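# Residue-level structure breakdown
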Amino acid sequence: MTTSPQPSKKILLIDDDPRLRELVQRYLNEQGFSVDAFEDASKLEARLQRNRPALVLLDLMMPGEDGLAVCRRLRAMGDNIPIIMLTARGDDIDRIIGLEMGADDYLPKPFNPRELLARINAVLRRQKEPSALAAPLTEGEHFEFGGFRLEISNRKLLRGEEPIPLTNAEFALLRVFASHPRQPLSRERLMELARGREHEAFDRSIDVQVSRLRKLIEDNSAEPRYLQTVWGFGYVFVPDGGER
């Protein structure tokens with residue numbers, strides 16, 4: 001049985017397919033969301049500032065500025081609003097590119113509206129409540145490594161005094177690493193700890209998220225000091241940047 005979210009949760013849907021916009025808007029409104037739907041991303045920043053939604057559903061292929069470009073631009077601006085990419089193209093490469101641009105999740109068309117609802121709720125839940133599986137770090141605590149400081153309560157990563165924007169998925173994964181220093185973790189275990197039971201049994205997105213984190217915290221992402229690869233297994237976080 002589906003649990004409806006609070007009515008105050010607003011979603012912004014951007015898709016050039018009028019039939020899909022109508023169906024998704026009607027379904028999510030019935031589930032307690034308030035949905036604004038548009039055919040393109042023009043004036044997106046104004047909409048985000050005027051009546052900021054809790055999440056954006058963003059079509060990959062649109063006339064004018066496509067979804068990937070929109071996602072890339074928002075992340076470059078430091079805007080970490082949750083984004084779920086929608087696309088009629090279901091190839092792995094499209095999914096990986098979307099995640100590399102900073103999307104929180106990805107759903108190929110055609111999709112079951114109940115799956116869309118489940119993914120929306122999962123993304124919003126991860127934003128609100130970091131996975132309890134990632135203990136021992138708790139709210140109010142922080143973790144320091146190199147010149148970085150990961151603050152748990154306000155979900156921030158700082159280099160000195162400079163904030164480094166993180167998506168929800170990146171924060172959850174870095175929190176897992178910080179909670180398990182020097183402990184090799186398989187991809188499956190990382191997905192379980194970062195996303196709980198909602199992770200997929202085989203999900204290449206973990207490699208994409210690690211790659212994104214390396215670009216943020218490593219001096220040379222091709223030769224990582226902190227997020228090191230355990231070949232044939234997964235990854236290990238080495239907070240002092242030395243040998244594991």
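The structure we're discussing is the one just above.
Values in this document were obtained by computation on a predicted structure and should not be read as measured data.

## Description of the environment of Leu44
By the secondary structure assignment, Leu44 is in helix α2 (residues 44–50). Along the chain, Leu44 and Leu74 lie 30 residues apart, while their C-alpha atoms are 9.7 Å from each other. Once residues within four sequence positions are removed from consideration, Leu44 is found in contact with Leu12, Ile14, Val70 and Leu74.

## Digging into the packing of aromatic side chains
Taken as a whole and judged by the stated rule, the model has 7 aromatic pairs. Consider the rings of Phe145 and Phe237, whose centres lie 5.2 Å apart with planes at 90°: the pair is edge-to-face. Placement of Phe145 in strand β6 (residues 142–145) and of Phe237 in strand β12 (residues 234–237) is noted, with a sequence separation of 92 residues between them. In this pair, the class of Phe145 matches that of Phe237, namely buried. Between Phe177 and Phe237, the aromatic rings sit 6.4 Å apart at their centres with planes inclined by 45°, giving tilted as the arrangement. Note that Phe177 is positioned in helix α6 (residues 168–179) and Phe237 in strand β12, a separation of 60 residues in sequence. The pair formed by Phe177 and Phe237 is uniform in burial state, with each residue classed as buried. Ring pairs connect the aromatic residues Phe143, Phe145, Phe148, Phe177, Tyr226 and Phe237, which therefore count as one cluster. Positioned over the ring face of Phe38 is Arg47, at 3.6 Å from the centre of the ring.

## A look at the pairing of strand β1 (residues 10–14)
With 5 of its 5 residues buried, β1 lies for the most part within the structure. Along β1, one buried face is formed by Lys10, Leu12 and Ile14 and the opposite face, lined by Ile11 and Leu13, is buried too. As paired elements, β1 and strand β2 (residues 34–38) share 5 bridges and run parallel to each other. Looking across to β2, one finds that Leu12 is bridged to Asp36. The β-α-β motif built from β1, the intervening helix α1 (residues 18–30) and the parallel element β2 has right-handed crossover chirality.

## Remarks on the sheet that holds β2
The sheet built from 5 strands is open, its strands ordered β2-β1-β3-β4-β5 with parallel pairing. Looking at strand neighbours, the two that pair on one side only are β2 and β5 (105–108), the edges of this open sheet. Within the sheet, the average angular offset between the axes of one strand and its neighbour, ignoring direction, is 20°. The pairing of strand β4 (residues 83–87) with β5 spans 4 bridges and is parallel. Counted as the bridge partner of Leu86 is Leu107 from β5. Its contacts with the sheet place α1 against β1, β2 and β3 (55–59), and it is angled at close to 170° to β2. In the packing of helix α3 (residues 67–76) onto the sheet, the strands contacted are β3 and β4, and the crossing angle to β4 comes to about 165°.

## Remarks on the side chain of Asp104
With respect to the helices, strands and loops of the structure, Asp104 is situated in the loop between α4 (92–100) and β5. Among the polar contacts listed, one links the side chain of Asp104 to the side chain of Arg75, at a separation of 3.1 Å. Ignoring sequence-local partners within four residues, the contact set of Asp104 consists of Arg75, Ile81, Pro82, Ile83, Leu99, Val123, Arg126, Thr167, Asn168 and Ala169.

## Focus: the packing of α6 against helix α7 (residues 187–195)
Closest axis-to-axis distance for the α6/α7 pair is 9 Å, and the angle between their directions is 115°. Considering the angle they form, α6 stands roughly perpendicular to α7. The chirality of how α6 crosses α7 is right-handed. In contact with Ala172, Leu173, Val176 and Phe177 of α6, α7 contributes Leu190, Leu193 and Ala194. Partitioned by chemical class, the residues of the contact of α6 with α7 number 7 nonpolar, no polar and no charged.

Thresholds applied
Residues numbered from 1 in each chain as written. Predicted model: local features only at pLDDT ≥ 70, side-chain atom pairs only at ≥ 80, totals over all residues. Heavy atoms only, no water. Helix = DSSP H or I, 4+ residues; strand = E, 2+ residues; numbered from the N terminus. Contact = heavy atoms within 4.5 Å. Phe/Tyr/Trp six-rings, centres within 6.5 Å; stacked < 30°, edge-to-face > 60°. Buried < 20%, exposed > 50% of the residue type's maximum accessible area, 1.4 Å probe, protein only. Lys NZ or Arg CZ within 6 Å of the ring centre and 35° of its normal. Pairing = 2+ DSSP bridges. Right-handed = clockwise from strand over helix to strand, strands pointing away. Axes fitted to C-alpha atoms, helices over the stretch in contact; angles between N-to-C directions. Polar contact = N/O pair within 3.5 Å; in protein donor to acceptor, adjacent residues only side chain to side chain. Parallel < 35°, antiparallel > 145°, perpendicular 65-115°, else oblique. Left-handed = near helix turned anticlockwise from the far one by under 90°. Nonpolar A, V, L, I, M, F, W, Y, C, P; charged D, E, K, R; others polar.

As far as function goes, none of this settles anything; it's purely spatial.
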